[in-house]
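# Structure at a glance
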Amino acid sequence: MIEQIRNQARKLLEDGDVDVVIGYAEGSDPARTTPVFIRKAEDVDKLIYDPRCINSLPLYLNKRHEYTRKGWKKTAIIGKGCDIRAIVQLIAENQLKRDEIYILGVPCEGQVSHPEKWDGSLHDGNRASKCIGCDVMTPHETDFFPGDKPDVDRSNPYEVTSPKVANLMELELDKRFAFWRTDFDRCFKCYACREVCPHCSCNVCITDETTPSWIDPAAHKKGVFSWHLTRAMHLVGRCTGCGECTRACPMDIQVDLFNQRMKEVVQESYSYKPGYSLEDKHPLITYQVDDREDFIK
Amino acid sequence: MGKKIEIHDFEPKIMAFVCKWCTYSGADLAGTSRMDYSPNVRMVRLPCSGRIDPQFMIKAFEQGADGVIISGCHPGDCHYNEGNYYARRRNTTFRQLMDFNGIDIERIEFSWISAAEAIKWTEVIDAFTEKVRELGRHPQYNDDIVDPYAQFLVQKEQESA
Amino acid sequence: MAKIGVFVCQCGNNIARTVDTADVAKYSSEQDGVVHVEDYKFMCSAPGQEMFKKAIKEKGLDACIVSACSPKMHEATFRNAAEAAGLNPFKVEIANIREHCSWVHDDKAVGTVKSKDLTKMMIERIKFNKPLERYVMPLTKRALVLGGGIAGIQAALDLAQAGVDVHIVEREPSLGGNMARLSETFPTLDCSQCIMTPRMVEVQNHPLITVHAYAELEQLSGFIGNFRARIRQKAKYVIDDLCTGCGECWEKCPFSTESEFEMGLVKRPIIYIPFPQAVPTVPVIDNTECPKILKDKCGLCADVCGPDCIDFTQQDEIKEIDFGAIIVATGFQLMPNVYREYGGWRPPHMTPKKLTAKQRKALPRSDAGRLVDVINGLEFERLASASGPTGGQIRRPSDGKIPETVVFIACVGSRDCNKGVEYCSKICCMYTAKHTMLYQHAVHHGKSYVFYMDIRAGGKGYEEFINRAQDEGAQYVRGRVSRLTKKGDKILVKGADTLTGQAVDVEADMVVLATAMVPQGDAEQVAQTLGIGYDKHGFFSEQHPKLMPVESSTGGIYLAGACQGVKDIPETVSQASATAAKVLALFSKDEMERDPEIAIVDQEKCMNCWDCVTVCPYLAINRVELKDRNGNFRKWAAEVNPGLCQGCGICNTACRSKSIELMGYTNEQVYAQITAFGGDII
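Small disclaimer: the values here were computed from a predicted structure and weren't measured. (Residues numbered from 1 in each chain as written. Chains lettered and ligands numbered in written order. Predicted model: local features only at pLDDT ≥ 70, side-chain atom pairs only at ≥ 80, totals over all residues. Heavy atoms only, no water.)

Let us now look at the overall build of chain C. A count of helical and extended segments in chain C gives 19 helices and 36 strands. Put simply, chain C has 682 residues, and 56% of those count as buried. Within chain C, contacts between residues at least 6 apart in sequence are counted, and of these 70% link residues at least 24 apart. Only carbon and sulfur atoms are counted for the fraction: they give 50% of the accessible area of chain C, which is about 28300 Å². Here chain C contributes 79 positively and 84 negatively charged side chains, and the mean placements of these two sets differ by 4 Å. (Helix = DSSP H or I, 4+ residues; strand = E, 2+ residues; numbered from the N terminus. Buried < 20%, exposed > 50% of the residue type's maximum accessible area, 1.4 Å probe, protein only. Contact = heavy atoms within 4.5 Å. Areas by Shrake-Rupley, 256 points an atom, 1.4 Å probe, with all protein chains shown as cover. Lys, Arg positive; Asp, Glu negative; His and termini not counted. Charge placed at Lys NZ, Arg CZ, Asp CG, Glu CD.)

And the structure:
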């Protein structure tokens, strides 16, 4: 499979169709892979793909990293299903043009959640929680796919992948609040979760705004809460579930629990899954006259 | 007018974000008709309920509000045609977020109040003030708290064992 | 450092009784930035205003709070006063301590605390108020009137007489609309054509009015003061400037088809003017029927044409014209398909001439079974009209005999939730009474019956008119009609008289149905082309039913006549003049001033997600390319069109980076109000 990808990448570079191929290469230790930017056709053999490739590559297509893309007319990118969801969502939000991207789709059976858990193969003991119930193991939007691409029914509603969400919903309110309070005690506002998110692309983030200072940059409790609540609201209907935010957090806070719960809410209320259609508008900028209003007096 | 105001030990602070065409006029009408209602509410006038940002609500809770009221024109009556539909969607999701965060969504009241519904305004204010009074002070982020999740997980394991 | 003045009003006893205004003033004076406070009995009075202006000038105040009644009462008053004193009006805010405080809390301690809080919230807010300037935009002083009926004619004349350049676009070959079809009008029984045709001629002759007859509005873009209309001038195949209106062509045309103007009662030639008094008197060739255009046969009209002005090669012409304001006067139609049981079903006269086999199959009865003598109001008008197909004699459409007994049925389709429209069409009671009188005048021995539910005659002289109809012989029977059936060559009308409780059967020679007044068949498309709102029936929506009945929801587009709602001729003419007044107000200055409380984009921060473009209800936000000084593309950004933005703020909420802000309600201002709140409640 990877040979076919390499051949296609080589062909694209030799023909001058793309300026760069973004993919995965061997990392600094046997349990890791690293993102790689291939410019010359002879380097395509560095490209690999296996269950260690959990990094989300569409981050490099995001506008905030434009300085690295200057001069790239067309980019090829190796995309597993969840990454391609992010690319599709970026296109739907006008951050990318479809004809600027050449998607080399790869079939994926899952990714290993942490390098520490890699023991040579993917199994239930080390599979990342986001891979459970995945419906894009065969990616949905590609320009090239090695072999035949089977048809997959992706109409199933979104289901939360982390059991912690359901557990938290079972807790009483004050206990839930207490959980978040203690969990967020560790957050020191490094904003790694923001930096690694492929959808976070504002030129001036609302947290960096000083007139007014919406979100206190300090790492005290108010500042932390308002940051995470804002991040969750800004990703409603847009988060494509790559899980990178949690993976990037240096304090091991599961920040994407908020996003998963919101995805569940958006599925329940508006039957919407982000990242599957190039034209869809996310639910907060559209409306139906008969939207649910059971909570309104 | 003329109703005696009872003062309790705990008086909740309530912030209301209202649209200027419908709800603000409804509250004005309550004033012109000399109706009585609880004095705990402070209103912020906005052009449309579609202007009500969840940021305002997060901020209000941070600044000491115990309850927040959102109000606008009935669906179909919005002066700008669509603002209240967007407000509805935004609040549907925001409430769930607050709920997941452990903040009691009974503290957020969403109501459609038109310019003629002065009575509804007073009823909503009175009922909400009473409810928030019973709920008590909004838990501040600064309070000292012990992590119950670990205990919960232990309990769950014991139950399934 | 801010220099804020706080003026607390006692409003006589209205505020002072339940709020200690002196305490509120003292509390305000202790707030950061407040340099002047006043506590006065009636701030809105003349001395109050003087004090206000004096304080601004003497203390050099740069912002003012007036703690008084609702801003709906006096925000404009104080803003104007501030402007007169040299302070930007948007640096004045009102704290509502009357409707929201003093009048609703009967406890002075509580009221005072709340008033202090409300005033403080405004003080903190006003520190972030920007001194906004009203926008000035260019204006095209030319008006478009869509529709050449009585509403359009009235509006055009009013505007032209005031010196405004007006264009009328009318889709029929002639002006006149439905009023030209009428025989006489209620309540005076004036001849309709006699009062209307002089107006039509005046329109044609007026140097400032341009009539585009046989033309339609295809597309409209732009915004108030700056519209661009694309008008399709349909091919008449006749050269306007050369035609003298002599009539040789239409008299000699050997072919004919159903006349739309005559409601299908009679035929008209293929090259035709709709009626003799048509304005402009230039015929058009119906290119769906003309054999010369379709098959290159005939061409007789060109042979007999003296000035040689017939041109079979003419094409539709597109004209793009700029306008500053648009008056929509597209009128109404009578409900086209009436109930089967009434038997008078007839395809609407606007349908294609040739029905397909499927359409023919869909007709409820074959021609043989159709009761041809059951007609609607406009068809009766044509029979009664002196210039109509029967020369003013009331004759049955089936055999031309004079009817001895005519039954008029009211409320056909109106006031009917099941099969029609639920509203009352307002004019039918009056025109039915008129029809009985026209009939009695024409057929002296004739008997007329009116089956009615209620009589609605609410205008000047209207009730007297109904009484006159009854005096002149019309028999009013209160009850509905259940069925019309053929009985020999008469029509059996089975009805009821609810006042006597008996069934009433009448053998009528002719039945006239007062069918509902409904919007034109393409009203929805017209509304969408113009970008205005319409209700579920298709009537165009006014901005406010009581206070703004002639403005549509789109700035610069005004509504006149029956397209906005059912009305009679006096109301139509009044509304048309009202729209002309609105347009004149718009055109009274050389430039337009727009309220500055609109959205503005910080284009450097904007990350072109276009969420704001999607949510704006007025499509007021555009995508623009920003270029560097060499003309190279730099980035995309959103830009608000100040002419269209109405200041709702939905974009502000949708923007995640808050690059777009609604002036007057910015995040800073609201944030300041939220943080100022939080003193003791009681």
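Following the structure, the description resumes.
To continue, consider the interface of chain C and chain B. Contacts between the two partners involve 51 residues from chain C, matched on the other side by 51 residues from chain B. At the junction of chain C with chain B, the criterion picks out three salt bridges. B:Arg42 is the partner of C:Asp117 in a salt bridge, and the nearest nitrogen-oxygen pair spans 2.7 Å. In this structure, the connection of chain C to chain B is made through 15 residue pairs in polar contact (both at pLDDT 80 or more). Looking at the side of chain C that touches chain B, the elements that each hand over two or more residues are α3 (71-84), α4 (98-102), α5 (108-126), α17 (611-615), α18 (650-654) and α19 (667-676) of chain C. Element by element, the count of residues in the side of chain C that touches chain B is highest for α5(C), at seven residues. (Salt bridge = Lys/Arg side-chain N within 4 Å of Asp/Glu carboxyl O. Polar contact = N/O pair within 3.5 Å; in protein donor to acceptor, adjacent residues only side chain to side chain.)

What follows deals with the sheet that holds strand β1 (residues 4-9) of chain C. Residues and elements named next belong to chain C. The four strands are arranged β2-β1-β3-β4 in an open sheet whose pairing can be described as parallel. Pairing within the sheet leaves two strands with one partner each, and these edge strands are β2 (34-40) and β4 (92-96). Neighbour to neighbour, the strand axes of the sheet diverge by 15 degrees on average, direction disregarded. The strands touched by α3 within the sheet are β3 (63-68) and β4, with β4 carrying the most contacts at an inclination of about 155 degrees. Strands in contact with α5 are β1, β2, β3 and β4; relative to β4, the strand with the most contacts, it is inclined by about 160 degrees. (Pairing = 2+ DSSP bridges. Axes fitted to C-alpha atoms, helices over the stretch in contact; angles between N-to-C directions.)

Attention shifts here to the state of the cysteines. Within this structure, the stated rule accounts for one disulfide over all chains. C:Cys191 shares a disulfide with C:Cys194; S-S distance 2.4 Å. Taking the sign of the S-S torsion, about 80 degrees here, the bridge from C:Cys191 to C:Cys194 comes out right-handed. Under the relative-accessibility criterion, C:Cys191 is labelled partly exposed at 29%. Its sulfur unpaired, A:Cys239 is 6.4 Å from the next cysteine sulfur, which belongs to A:Cys245. Look at A:Cys239 and you get buried, because its relative accessible area is 14%. Here C:Cys249 is not cross-linked by a disulfide; its sulfur's nearest cysteine counterpart is in C:Cys246, at 6.1 Å. (Disulfide = S-S within 2.5 Å.)

Between chain C and chain A, the contact holds 18 residues from the first and 19 residues from the second. Interface area for chain C against chain A, summed over the two sides, is near 1700 Å², with a carbon-plus-sulfur share of 56%. For chain C, the biggest contributors to the area lost against chain A are C:Lys605, C:Met607 and C:Arg656; these three give 37% of the whole. Applying the counting rule to chain C against chain A returns one salt bridge. Of the charged contacts, one joins C:Lys605 and A:Glu209 as a salt bridge, the two residues approaching to 2.9 Å between their closest N and O atoms. Between the two partners, chain C and chain A, sit eight residue pairs in polar contact (both at pLDDT 80 or more). (Buried area = accessible area lost by both parts, 1.4 Å probe.)

Note on sheets: strands pair through backbone hydrogen bonds, and any given pair is parallel or antiparallel. Residues and elements named next belong to chain B. Pairing within the open sheet is parallel, and its four strands lie in the order β2-β1-β3-β4. Because the sheet does not close on itself, it has two edges, and the strands there are β2 (41-46) and β4 (108-112). Strand-to-strand, the axes of this sheet are offset by a mean angle of 20 degrees, without reference to chain direction. Relative to β4, strand β3 (residues 67-72) runs parallel, the two being bridged by five bridges. Looking at the pairing, Gly 72 lines up with Trp 112 of β4. Against the sheet, helix α1 (residues 23-32) engages β1 (14-19), β2 and β3, with an angle of about 115 degrees to β1. Taken strand by strand, helix α2 (residues 54-62) contacts β1, β2, β3 and β4, and its axis lies near 150 degrees from that of β3.

Moving on, we get to the confidence of the model for chain C. Residue and element names in this part refer to chain C. Summarising the model, chain C shows a mean pLDDT of 90, and 94% of its residues fall at 70 or more. Looking across chain C, the model is least confident in helix α11 (residues 357-362), with a mean pLDDT of 56, and most confident in strand β7 (residues 165-170), with 98. Scored below 50 in pLDDT, residues 344-353 makes 27 contacts in the model with residues more than four places away or belonging to other chains. Every residue in residues 363-369 scores below 50 in pLDDT, and together they form seven contacts with partners more than four places removed in sequence or on other chains. (pLDDT = per-residue confidence, 0-100.)

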